[in-house]
Amino acid sequence: MLRRAPFVDIVLGPQTYHRLPEMVARAHRAGSKSAGVLDTDFPVESKFDHLPDRRTETGVSAFLSIQEGCDKFCTFCVVPYTRGAEFSRPVEQVLAEAEQLVAGGVREITLLGQNVNAYHGAANGGEIRLSELVRRLATTDGLARIRYTTSHPRDVDDDLIAAHGEVPALMPYLHLPVQSGSDTILDAMNRGHDARRYLDTVARLRDARPDLALSSDFIVGFPGESDDDFEATLDLVREVGYAQAYSFKFSARPGTPAAGLPRQVPAEVKDERLARLQALLEEHQSAFNTACVGQGVEVLFEQPGRHAGQLVGRSPYNQAVHVSAEELQVGDIADVVIEACKTHSLEGRLEQQSAGDIGTNIEERLSA
Ligand code: SF4
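Residues numbered from 1 in each chain as written. Predicted model: local features only at pLDDT ≥ 70, side-chain atom pairs only at ≥ 80, totals over all residues. Heavy atoms only, no water.

A.B. asks: Quick rundown of the overall build of the chain? Include the residues and the values.
C.D. replies: When you go through the chain residue by residue, the secondary structure sums to 10 helices and 17 strands. A compact globule built from 368 residues would reach a C-alpha radius of gyration of about 21 Å, and the chain, at 22 Å, matches this within 12%. Reported as C-alpha extents along the three principal axes, the dimensions of the chain are approximately 65 × 55 × 45 Å. Buried residues in the chain amount to 48% of all 368 residues. Partitioning the intrachain contacts of the chain with sequence separation of at least 6 by distance along the chain shows that 72% fall at a separation of at least 24. Approximately 17700 Å² of the chain is accessible, and the part contributed by carbon and sulfur atoms is 50%. Of note, the chain has its 37 positive side-chain charges centred 6 Å away from the centre of its 54 negative side-chain charges. (Helix = DSSP H or I, 4+ residues; strand = E, 2+ residues; numbered from the N terminus. Rg over C-alpha atoms; globule rule 2.2 N^0.38 Å. Buried < 20%, exposed > 50% of the residue type's maximum accessible area, 1.4 Å probe, protein only. Contact = heavy atoms within 4.5 Å. Areas by Shrake-Rupley, 256 points an atom, 1.4 Å probe, with all protein chains shown as cover. Lys, Arg positive; Asp, Glu negative; His and termini not counted. Charge placed at Lys NZ, Arg CZ, Asp CG, Glu CD.)

Here it is in structure tokens:
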């Protein structure tokens, strides 16, 4: 990169951004004669030991990195090469950072990781998994909501499923990427599970938490994807009924195994498949949002709206909700009755309603 683009001063990797001030100083000292500063190592010391105190951050919702890297080597993905092997932060460090965030006013934490549910953080001479971390985090005073992303279907274990049923603070919304509904393509992607196993996992999660809303990622036009393979993806979407999803055309990443596979799918076929898939996903998202109209949801208010007295928050299902709420402020959680749904958000009014009724209402409405 430095050779091809001499105007670039610094190239750094995701594991070394805590050294950025030092790199800027080095580049500055060397001036225009510099060949560029390069620091793409995976250092022994963790960057997490060098990140600033988070007590002064603003906002009611925050991300907290608990895991990085990936050992799964899906054939289309660069992450294992760019981010390195899977690494989990020790539990005490995660809990301490969560305390800082909550002390600064955060009420919702989203645990982050490339493979977040592969988490196995050190604790008291042993290790704990994501499910146990969520349970411990849920005891933090003032923390109302916990989410995690991005998870892998292979790492959804029994205890994580149980945690979804047991921990009220764990929000009933899960991003669980499947990529394809075809066993042939899942195998070619090296995803390590088939469509049936994914659907079983979804069914078990919904048994534990009946109002769970799901989101996913999809890739269409993976090399070798036939019409039948693509239809299998549409079938899986119909069976799961996603509240939200991200979908992309396969695009070869240099250096990954899939980039060199034969039977690449023509661009116009990818276009057509993506349009069909997105139309179906939008239909499902719209059905999910419409099912919320007339129902009660708990909303965590995150910021003022565009109109006077209006606040914008998130439902448990991660939907943006606009409410006229002069008597409330950012950081409050209130029961809201949804009155209308727009393309990307909902509108509601405040109501006094017990939170316990809420999930049941949505669940009944969706199953109807
Ligand atoms: Fe890992 Fe996810 Fe990339 Fe697969 S898609 S290699 S699980 S980061």
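Okay, back to it.
A.B. asks: Can you break down the pairing of strand β12 (residues 244–249) residue by residue, with the values?
C.D. replies: Where strand β11 (residues 213–220) lies against β12, 6 bridges are found, and the strand directions are parallel. When the bridges of β12 are listed, S215 appears paired with Q244. Handedness of the crossover joining β11 and β12 through helix α8 (residues 227–240): right-handed. (Pairing = 2+ DSSP bridges. Right-handed = clockwise from strand over helix to strand, strands pointing away.)

A.B. asks: Any details on the nonpolar core? Residues and values, ideally.
C.D. replies: Core analysis: the largest hydrophobic core is formed by 53 residues, its most contacted members being I66, L111, L130, L133, L236 and Y242. In terms of residue count, the dominant contributor to this core is helix α3 (residues 91–103) (6 residues). For L111, the residues in contact, after removing those within four places along its chain, are L64, I66, V116, L130, L133, V134, L137, I146, R147, Y148 and T149. Of all hydrophobic cores here, the second largest spans 17 residues; its members include A213, F288, F301 and A334. (Core = buried A, V, L, I, M, F, W, Y, C linked by side-chain atoms within 4.5 Å.)

A.B. asks: Tell me about the packing of α3 against helix α4 (residues 130–137), residues and numbers included.
C.D. replies: At a minimum axis distance of 11 Å, the contact between α3 and α4 shows a crossing angle of 35°. The two elements α3 and α4 meet at a crossing, and its hand is right-handed. Of α4, the residues touching α3 (which contributes V91, V94, L95 and A98) are L133, R136 and L137. Here the contact of α3 with α4 is composed, by residue class, of 6 nonpolar, no polar and 1 charged. (Axes fitted to C-alpha atoms, helices over the stretch in contact; angles between N-to-C directions. Left-handed = near helix turned anticlockwise from the far one by under 90°. Nonpolar A, V, L, I, M, F, W, Y, C, P; charged D, E, K, R; others polar.)

A.B. asks: Can you lay out the environment of T58 for me, pointing to particular residues and giving the numbers?
C.D. replies: Within the element layout of this structure, T58 appears in the loop between β2 (37–39) and β3 (61–65). Spatially, the C-alpha atom of T58 lies 8.9 Å from that of L101, the residues being 43 residues apart in sequence.

A.B. asks: Please give an account of the site of the ligand that cites residues and values.
C.D. replies: In the region of the ligand, the neighbouring residues are C70, K72, F73, C74, F76, C77, V79, P80, N115, H152 and R191. Judged by the fraction of its atoms near the pocket grid, the ligand is located in the second largest pocket. Per-class residue counts for the shell around the ligand are 7 nonpolar, 2 polar and 2 charged. (Near = heavy atom within 4 Å. 1 Å grid on protein atoms, 1.4 Å probe; cavity = no way out; pocket = protein on both sides within 12 Å on 5 of 7 lines; lining within 4 Å. Sits in = over half its atoms within 2 Å of the grid points.)

A.B. asks: Let's hear about the layout of surface pockets: which residues, and what values?
C.D. replies: Approximately 920 Å³ is the volume found for the largest pocket. Lining of the largest pocket is provided by 39 residues; of these, Y173, Q244, Y246, R314 and N318 occupy positions nearest its centre. When residues of the lining of the largest pocket are assigned to their parent elements, the largest contribution, 8 residues, is made by helix α9 (residues 267–292). Grouping the amino acids of the lining of the largest pocket by side-chain chemistry returns 14 nonpolar, 18 polar and 7 charged. As a volume, the second largest pocket reaches approximately 600 Å³. Looking at the second largest pocket, it is lined by 24 residues, and the ones nearest its centre are F76, C77, Q179, D217 and I219. Considering every element that reaches the lining of the second largest pocket, the biggest residue donor is β11, with 3 residues. (Points joined across faces, edges and corners; volume = space filled by probe spheres on them.)

A.B. asks: Report on the side chain of S131, specifying residues and quantitative values.
C.D. replies: Locating S131 in the fold gives a position in helix α4. Overall, the relative accessible area of 2% leaves S131 in the buried class. Residues contacting S131, with those up to four places away along its chain left out, are D159, L160 and A163.

A.B. asks: Provide a residue-level description of the sheet that holds strand β16 (residues 333–341), including the pertinent values.
C.D. replies: One closed barrel holds the 5 strands; their spatial order is β13-β14-β15-β17-β16, and the pairing between them is mixed. Here the strands of the sheet are splayed against their neighbours by 55° on average, with no regard to which way each runs. Where strand β14 (residues 310–314) and strand β15 (residues 320–324) come together, 5 bridges link them in antiparallel fashion. In the strand pairing of β15, L311 is matched with V323.

A.B. asks: For a nonpolar patch on the surface, give the residues involved together with the corresponding values.
C.D. replies: On the surface, a cluster of nonpolar side chains totalling about 320 Å² of accessible area is made up of L12, Y17, L20 and V24. Checked against the element boundaries, L20 lands in helix α1 (residues 20–30). Owing to a relative accessible area of 34%, L20 belongs among the partly exposed residues under this scheme. (Patch = residues over 30% accessible without salt bridge, like charges linked within 9 Å, V, L, I, M, F, W, Y side chains within 5 Å. Salt bridge = Lys/Arg side-chain N within 4 Å of Asp/Glu carboxyl O.)

A.B. asks: Pulling in residues and values, what's your account of helix α7 (residues 195–208)?
C.D. replies: Across its 14 residues, α7 extends 20 Å between first and last C-alpha, which sits within 8% of the 20 Å expected from 1.5 Å per residue. Within α7, the full set of buried residues consists of A195, Y198, L199, T201, V202 and L205. Axial view of α7: buried residues confined to an arc of 155°, hence all on one face. Looking at the buried positions of α7, the neighbouring elements they touch are α5 (158–166), β10 (173–175), α6 (183–188), β11 and α8. (Expected span 1.5 Å × (residues − 1). Arc of directions from axis to C-beta.)

These values are about where atoms sit, not about what they do.
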